[in-house]
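The lines below spell out each chain.
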Amino acid sequence: MSQLNIENVTLTFGGVNALSGVSLHVPEHEIVSIIGPNGAGKTSLLNCISGFYHPTKGSIRFGEHELGRAAPNVVTGFGIARAFQNLELFRGLTVVENLLLARHTHIKYSLLSGAIFYGKASRIEAENRAYVERIIDFMELQAYRRAPVGTLSYGVQKRVEVARALTLQPQLLLLDEPMAGMNVEEKEDMVRFILDIREEQGVTVVLIEHDLGVVMDISDRVYVLDFGVRIAGGTPAEVSADPRVIEAYTGVGSGHDASDPASSDQASSDQASAGQVTA
Amino acid sequence: MPATRMSQTGNYKTTYRQDQGIFANRKELIWIVLLLVALLLAPLITPRTMLRDFDLIMIFGIAALGLNITTGYTGLINMGQGAFMGVGAYAGVVAANAFNLNLFFALLFGGLSAALIGGIVGLPSLRLKHLYLAVATLAFQEIFTWGVGHSRLLAQGGAIPAPAVSIFGFRDSFLTHNLFWYYLILPILAFLVLVWRNVLRGKHGRSLIAIRDNDRAAAAMGINPATAKLTSFMLGSFYAGVAGVLLAYFSKSVVIEDYGLDVGIKVLAMTIVGGLGSIPGSVFGPAFIIGLDRVMEQVANWLGGLNLFPSGVDVATALRPLSFGLAIMLFLMFQPHGLASWWDKLRQYVTRWPYKS
Ligand SMILES: Nc1ncnc2c1ncn2[C@@H]1O[C@H](COP(=O)(O)OP(=O)(O)O)[C@@H](O)[C@H]1O
Ligand SMILES: [Mg+2]
């Protein structure tokens, strides 16, 4: 059994399926990437995992926990963190304050202790501040500690977004296009951070990314979504050789027509069972 | 509405504990001590009539700080702060009369009762936002006014006398009334400001600001939006309840007129004029609105002396709501961050002098 098991998830918006019967499996400590064209349903899938959407059908299990109807804050409590595609930072707050907010569930004292502050609350806050500082060092954000996040450049904000998710001390980290809009140098930094996160913290990573070079380089496993359907899944080598993937990406058919529902249904169910075997 | 001040020069901190300190640096500590000393000595040079206004400013300062917690820091609009003050006032005074409680317990009981009701009235905030929440709190205000007006136990809204207070052998007497309450209310206000500053330094305060700034991200941080919103309503109405008890004791009785919709709107106006999400603003606002009232009385007297209006027309009655409405409109248009933003500019100017910012 993998750490995260998504079985037959369907998500419908007003009669339109954003996801149709998607199954995928994320083993512990792996880097698993989800690729696919814009509008394929990648972000919707992350939203289902992190509790912002609830699947119309199917189940999502994380270890012991069923996530299908759980609220976002509950999912976070289970040990799943998320960096959003469209930055969802507290723009008026500083980097330190943004990261301290991610310590919310780890900071345990009552409102009364908080009102007194000196003693217990002060000590616990200082401990968590030290943890935040370790993440700041790790993600090389020292220069921006005190800056209101809204004033930082886009690339740095993306890094703060990842740092904040990491500060939650998760077992599973969901990264939605963490490198979008970055220059090459920033991208290289981010790739290094992702690899280090997995190595040093033992965190499982689910990565959504458009840069196929990066994806094929660092992933243990790759899943491909197209029009809400999982059309392929496997090791980077398997996936890049898959004719359906080449077809979805280049639009050049190498056999049957991609829009033919019968063949794509067939494909996804084939892949679903194949995925279960490998997982 | 920045939640924190920019770090200033003159901070030489070496531990995280120092970094969470309540004052930015030693200079700020000195200023606060000087301010407290000035406030303690102020009655010596203040005319007695003005002292009454000081007392009211501090009482409404507590209510405005409470509303600031809910509306300024958490972003949940509340039009019923008058009713929350009323819940505190009635609970505190009735309990004090029935069980012979002293002022301290009356304040505590009034505050806690208001917090309890605040937690219930806050429930719609889990579903409703903006205008809809405003209407829900408005409905509570109307129910409160109606309920008190129809309750025999509460004299149908008529005056219920508050017990006389004596503390450390000092008695509330006719001649020293305003002075007596000045020295009673000041430490209570200071204490409640300190409590809120403390909460703001920790996880609870941060979570309220997070809900205001980005509720999606707040939930992704593991913050339960329902807990945060109800905490905010309960804290805000606790402050209102304490202010309500003080107002009742200060005016020697509870009457429903002191806790109506107009009072809630006045507190909201004070909070906006002072500056949403600002602690000093919570006192500047009441000072401005109550000061404006006095100025308008003077203007009305002067106008009345000119014999411009037929006898029987009370110019003051017309001028007060007019100036009140105009002030709020002008603030919303030209200074939406309230008096507090001028205060911040002044502080920065003083800190940087002789350099230009
Ligand atoms: N809240 C929503 N309401 C309606 N449609 C939505 C909503 N969220 C996503 N969708 C639709 O679901 C599809 C997949 O979107 P998305 O998951 O954002 O794709 P991706 O992240 O792969 O680019 C799109 O067609 C999008 O319009
Ligand atoms: Mg997306």
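**Student:** Any details on the site of ligand 1? Residues and values, ideally.
**Tutor:** All names here are of chain A. In the region of ligand 1, the neighbouring residues are Phe13, Ala18, Pro37, Asn38, Gly39, Ala40, Gly41, Lys42, Thr43, Ser44 and Tyr53. Measuring from an oxygen atom of ligand 1, one finds a backbone N or O atom of lysine 42 at 2.8 Å. Serine 44 is positioned with one of its side-chain polar atoms (N or O) 2.6 Å from an oxygen atom of ligand 1. Contact with the protein chains covers 58% of the free accessible surface of ligand 1, which is 560 Å².

**Student:** For the coordination of the magnesium ion (ligand 2), give the residues involved together with the corresponding values.
**Tutor:** All names here are of chain A. Within the protein, the magnesium ion (ligand 2) binds to Thr43 (OG1) and Gln85 (OE1); these donor distances fall in the range 2.0 to 2.3 Å. Of this pair, threonine 43 sits in helix 1 (residues 42-49) while glutamine 85 is found in the loop between strand 6 (80-83) and helix 3 (95-101), placing the two residues 42 residues apart along the sequence. The exposure class of threonine 43 is partly exposed, given its relative accessible area of 24%. On the accessibility criterion, glutamine 85 (23% relative accessible area) is partly exposed.

**Student:** Account for the sheet that holds strand 2 (residues 16-26) of chain A, with residues named and values stated.
**Tutor:** All names here are of chain A. Read from one edge of the open sheet, four strands run 2-1-4-5, paired in antiparallel fashion. Of all strands in the sheet, those with a lone pairing partner are strand 2 and strand 5 (65-66), marking the two edges. Bridge count between strand 1 (residues 4-13) and strand 4 (residues 57-62): five bridges; the pairing is antiparallel. Pairing of glutamate 7 across the sheet is with serine 59, part of strand 4.

**Student:** Talk me through the domain arrangement of chain A; I want residue IDs and the actual numbers.
**Tutor:** Size of an interface, as often reported, equals the accessible area lost when the parts are brought together. All names here are of chain A. Looking at the assigned domains, one finds that chain A contains domain 1 (1-79 + 170-279) and domain 2 (89-169). Listed as interface residues are 19 residues of domain 1 and, on the opposing side, 13 residues of domain 2. In total, domain 1 and domain 2 occlude about 1,400 Å² of area from one another, counting both sides; carbon and sulfur atoms represent 71% of this. Considering only the surface of domain 1 that becomes buried against domain 2, Pro170, Phe193 and Gln201 emerge as the three largest contributors, covering 35% of it.

**Student:** Can you break down the packing of helix 4 (residues 81-99) of chain B against helix 5 (residues 103-121) of chain B residue by residue, with the values?
**Tutor:** All names here are of chain B. Packing of helix 4 against helix 5 leaves a shortest axis separation of 7 Å and a crossing angle of 140°. Relative to helix 5, the element helix 4 lies oblique. The two elements helix 4 and helix 5 cross, and the hand of that crossing is right-handed. Contacts between helix 4 and helix 5 pair Phe84, Val87, Gly88, Ala91, Gly92, Ala95 and Ala96 from the former with Ala106, Phe109, Gly110, Ser113, Ala114, Ile117, Gly118 and Val121 from the latter. Of the residues in the contact of helix 4 with helix 5, the class split is ten nonpolar, five polar and no charged.

**Student:** Outline the pattern of salt bridges, supporting the account with residue identities and numerical values.
**Tutor:** When the charged atoms of two side chains lie near each other, side chains of opposite charge can form a pair. Counted by the stated rule, this structure contains 20 salt bridges over all chains. Each of Asp53(B), Asp293(B), Arg294(B), Glu297(B) and Arg320(B) takes part in a single network of salt bridges with overlapping partners.

Criteria and thresholds
Residues numbered from 1 in each chain as written. Chains lettered and ligands numbered in written order. Predicted model: local features only at pLDDT ≥ 70, side-chain atom pairs only at ≥ 80, totals over all residues. Heavy atoms only, no water. Near = heavy atom within 4 Å. Polar contact = N/O pair within 3.5 Å; in protein donor to acceptor, adjacent residues only side chain to side chain. Areas by Shrake-Rupley, 256 points an atom, 1.4 Å probe, with all protein chains shown as cover. Donors = N, O, S within 2.8 Å, 3.2 Å for Na, K, Ca; no water. Helix = DSSP H or I, 4+ residues; strand = E, 2+ residues; numbered from the N terminus. Buried < 20%, exposed > 50% of the residue type's maximum accessible area, 1.4 Å probe, protein only. Pairing = 2+ DSSP bridges. Domains from an automatic or database assignment. Contact = heavy atoms within 4.5 Å. Buried area = accessible area lost by both parts, 1.4 Å probe. Axes fitted to C-alpha atoms, helices over the stretch in contact; angles between N-to-C directions. Parallel < 35°, antiparallel > 145°, perpendicular 65-115°, else oblique. Left-handed = near helix turned anticlockwise from the far one by under 90°. Nonpolar A, V, L, I, M, F, W, Y, C, P; charged D, E, K, R; others polar. Salt bridge = Lys/Arg side-chain N within 4 Å of Asp/Glu carboxyl O.

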